[in-house]
Amino acid sequence: MKRFSYALVLLALIGLVAAQGLPGVVSSGSYTVGGLGMILQPKPAALSGGTVYRVGAWPLYTAELADGPGKELVMGYCSVCHSVTYITMQPPLKDWAPTVNKMIKTYGAQIPEDAVKQILAYLQAYYSVQTRKQ
Amino acid sequence: MRNHLDRRSLLKLLGAVGAAAVFRPGLAQTSAQAEEALPSFTGPGPNPYWNGVLPFVVYPQKLPLLRLTDRGIQLETPRSYFRTAFTPNEAFYVRYHLDEIPNEIDLATWRLKLEGNFERPMELSFQDLLTQFEPVSIAAVNQCSGNSRSRFQPRVTGGQWGNGAMGNALWTGVRLKDLLKKAGVKAGTVQIQFEGLDRGKGPENLGSGRFMKSLDLNDPVIEETILAYLMNGEPLPMLNGFPIRLVVPGKFATYWLKHVTWIRALTEEDKNFWMATAYRIPDTPNGSTTPEDVAAGRVKTVPIGKVNMPVRSFIIDPDGSYPLVAGLPAKIRGIAFSGHGRVVKVEVSTDGGRTWGIAALGEYYGPYSFRTYEYTWTPKAPGTYVLAVRATDEKGNVQPDTPVWNPGGYLWNKIERQEVVVLAAK
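### Details of the domain arrangement of chain B
All names here are of chain B.
Working step 1: We note that the domain assignment places domain 1 (7–278) and domain 2 (312–423) within chain B.
Working step 2: The distance between the C-alpha centroids of domain 1 and domain 2 comes to 26 Å.
Working step 3: Sorting elements by how many residues they give to the side of domain 1 that touches domain 2 places strand β8 (residues 135–143) first, with four residues.
Working step 4: Here the residues of the side of domain 1 that touches domain 2 sort into twelve nonpolar, ten polar and five charged.

### Considerations on the sheet that holds strand β9 (residues 166–175) of chain B
Residue and element names in this part refer to chain B.
Working step 1: The strand order β8-β9-β12-β13 describes an open sheet built from four strands, whose pairing is antiparallel. For this open sheet the edge positions go to β8 and β13 (245–247), each flanked by a neighbour on one side alone. Across the sheet, the mean angle separating the axes of adjacent strands is 55° when strand polarity is ignored.
Working step 2: Sheet analysis places β8 next to β9, joined by nine bridges and oriented antiparallel. Bridged to P135 within β9 is V174.

### Observations regarding the interface of chain A and chain B
Working step 1: In this complex, chain A contributes 31 residues to the contact, which on the side of chain B involves 39 residues.
Working step 2: Mapped onto the side of chain A that touches chain B, the elements with two or more residues apiece are β1 (52–54), α3 (85–89) and α4 (97–106) of chain A.
Working step 3: Here the residues of the side of chain A that touches chain B are counted per class, giving 18 nonpolar, eleven polar and two charged.

### Digging into the packing of helix α2 (residues 71–78) of chain A against helix α5 (residues 113–127) of chain A
Residue and element names in this part refer to chain A.
Working step 1: Contact pair α2 / α5: the axes reach a minimum separation of 9 Å and the direction vectors enclose 110°. Comparing their axes, α5 and α2 come out roughly perpendicular. The interaxial crossing formed by α2 with α5 has left-handed handedness. Judged by residue contacts, K71, L73, V74 and Y77 of α2 engage A115, Q118, I119 and Y122 from α5.
Working step 2: Partitioned by chemical class, the residues of the contact of α2 with α5 number six nonpolar, one polar and one charged.

### Considering the nonpolar core
Residue and element names in this part refer to chain B.
Working step 1: Of all hydrophobic cores here, the largest spans 117 residues; its most connected members are W171, I226, L227, L246 and V247.
Working step 2: Both of domain 1 (7–278) and domain 2 (312–423) provide at least three residues apiece to this core.
Working step 3: Ignoring sequence-local partners within four residues, the contact set of V247 consists of I138, A140, W171, T225, I226, A228 and W256.

### Quick notes on the sheet that holds strand β25 (residues 416–423) of chain B
Residues and elements named next belong to chain B.
Working step 1: Taken together, five strands build an open sheet; the order of strands is β18-β25-β24-β20-β21 and the sheet is mixed. Each of the sheet's edge strands pairs with one partner strand only, and the pair in question is β18 (324–325) and β21 (357–358).
Working step 2: Judged from the seven bridges that link them, strand β24 (residues 383–393) and β25 form a sheet pairing that is antiparallel. In the sheet register, T384 faces β25, and the bridge partner there is V421.

### A look at helix α3 (residues 176–183) of chain B
Residue and element names in this part refer to chain B.
Working step 1: All of the buried residues in α3 are L176, L179 and A183. Seen along its axis, α3 keeps its buried residues to an arc of 65°; they face one direction.
Working step 2: Residues of α3 that are buried sit in contact with β6 (112–116), β7 (122–124), β9, β12 (226–231) and β14 (262–266).
Working step 3: Directly after α3, the chain includes G184, whose backbone phi takes a positive value near 75°.

About the thresholds
Residues numbered from 1 in each chain as written. Chains lettered and ligands numbered in written order. Predicted model: local features only at pLDDT ≥ 70, side-chain atom pairs only at ≥ 80, totals over all residues. Domains from an automatic or database assignment. Helix = DSSP H or I, 4+ residues; strand = E, 2+ residues; numbered from the N terminus. Nonpolar A, V, L, I, M, F, W, Y, C, P; charged D, E, K, R; others polar. Pairing = 2+ DSSP bridges. Axes fitted to C-alpha atoms, helices over the stretch in contact; angles between N-to-C directions. Contact = placed C-beta atoms within 7 Å. Parallel < 35°, antiparallel > 145°, perpendicular 65-115°, else oblique. Left-handed = near helix turned anticlockwise from the far one by under 90°. Core = buried A, V, L, I, M, F, W, Y, C linked by C-beta atoms within 7 Å. Buried ≥ 20, exposed ≤ 12 C-beta atoms within 10 Å, placed from the backbone. Arc of directions from axis to C-beta.

Take a look at the structure:
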């Protein structure tokens, strides 16, 4: 990777040198490292005929939660019904209690009282207006 | 076109979609200029960007879309796919509430079931739908109730969509009223309930287990509602509701159930969570209220299905990722639509909304479709400009320049703006 970066810098330098003297060109030949392999092409489906309409498994792209006390409880309880990406997607909240209570009272999440407290403390500590890092 | 789509106009519409498929303009434009990646932004201020600040992901039958959540699946359509009146199926946004989404459906055993207060409850196969009913087509915008929720101030919880939780397609299928007629709605029926094949991990009697929506039997929209088995002339992608989904023209997408399998005639108002508690809007003229009134319990609410989608318009080009050049024409392009009917006027401002010019409207595909517009502007002098766009529909509804606020994050239709930079050409 390091060698590749050197090569890029070298390439850019050559480009800058070469571009000097071309009217109007401020810079050219500037490259940067792209996200190679981040998006893959799908392999053609193996069609078996018959009457079944089939697509592949739904890929998970689950967000990484901030490390801290209570994270495991959040991962365990909240992930029963939905991925924790639902947490990172939300805007920073002043108070997570209404949201957590909604999960319990409205949607029937079964979380022991002690765990609820720790989950709330975790969410306030990392995903509130005061504490959330972008 | 709405109720009696004759063969000629159907062919014309299908032809238009066919041509779009041949040229695939949406596919040629997956990305605007990317000098640097958009910085992460979550709030607490309003999201200043057109789309949500979200990563690209790939899903079966889909181009790279923007991921809100991955289980249940919520994917936003990138801005560039709205250059055309019809949104490509593979770019069409996805929104599920529940996480058990079908991966395989056997058409040999799948049945559309009409249950409840019918004279003749019945089960129809996919083949029955294709052969026993007259096919009809309608171009209609499917827009999530919470589209643009990330604009709200103060922010509200829920899917933090930018503007891309919408799409327009030519939907072809069976009229709901033909199905209801065949089964015979019995006297005493007040609502028709719909349920699909998606299920959640929660208890069956709660919103986390099942998703159901109902339309009032006397709602005029019942006349125009169809069960679509084609989307832009092709079978629906699984994530958009294969094998059939409900199309409720002019209404928000929460009513457009995917994978529809149960149609129930109800003799009492549907009290399930998704009708009685969720997707409710303040019963005020524009659905707006304040956090104070909500906290004080002063807000009476109604299901969002009581209203049609407010008129909206969007600037797709220029998107601010590249500069314009003084003295050269720039095409300001985009789309407009209204749940209240035909868009009759789109105005463009190049001075932030002080003065307005009339844009040329693209082809008319029916009252519920996207309509493209175009406005050519030749900036005279370099500098920074704020573009704005404003649509008017046939009922005289005009987009406001004031924000809406309600706790659900619904009904956003404020005038959209786009800052652009004009370079000197000296």
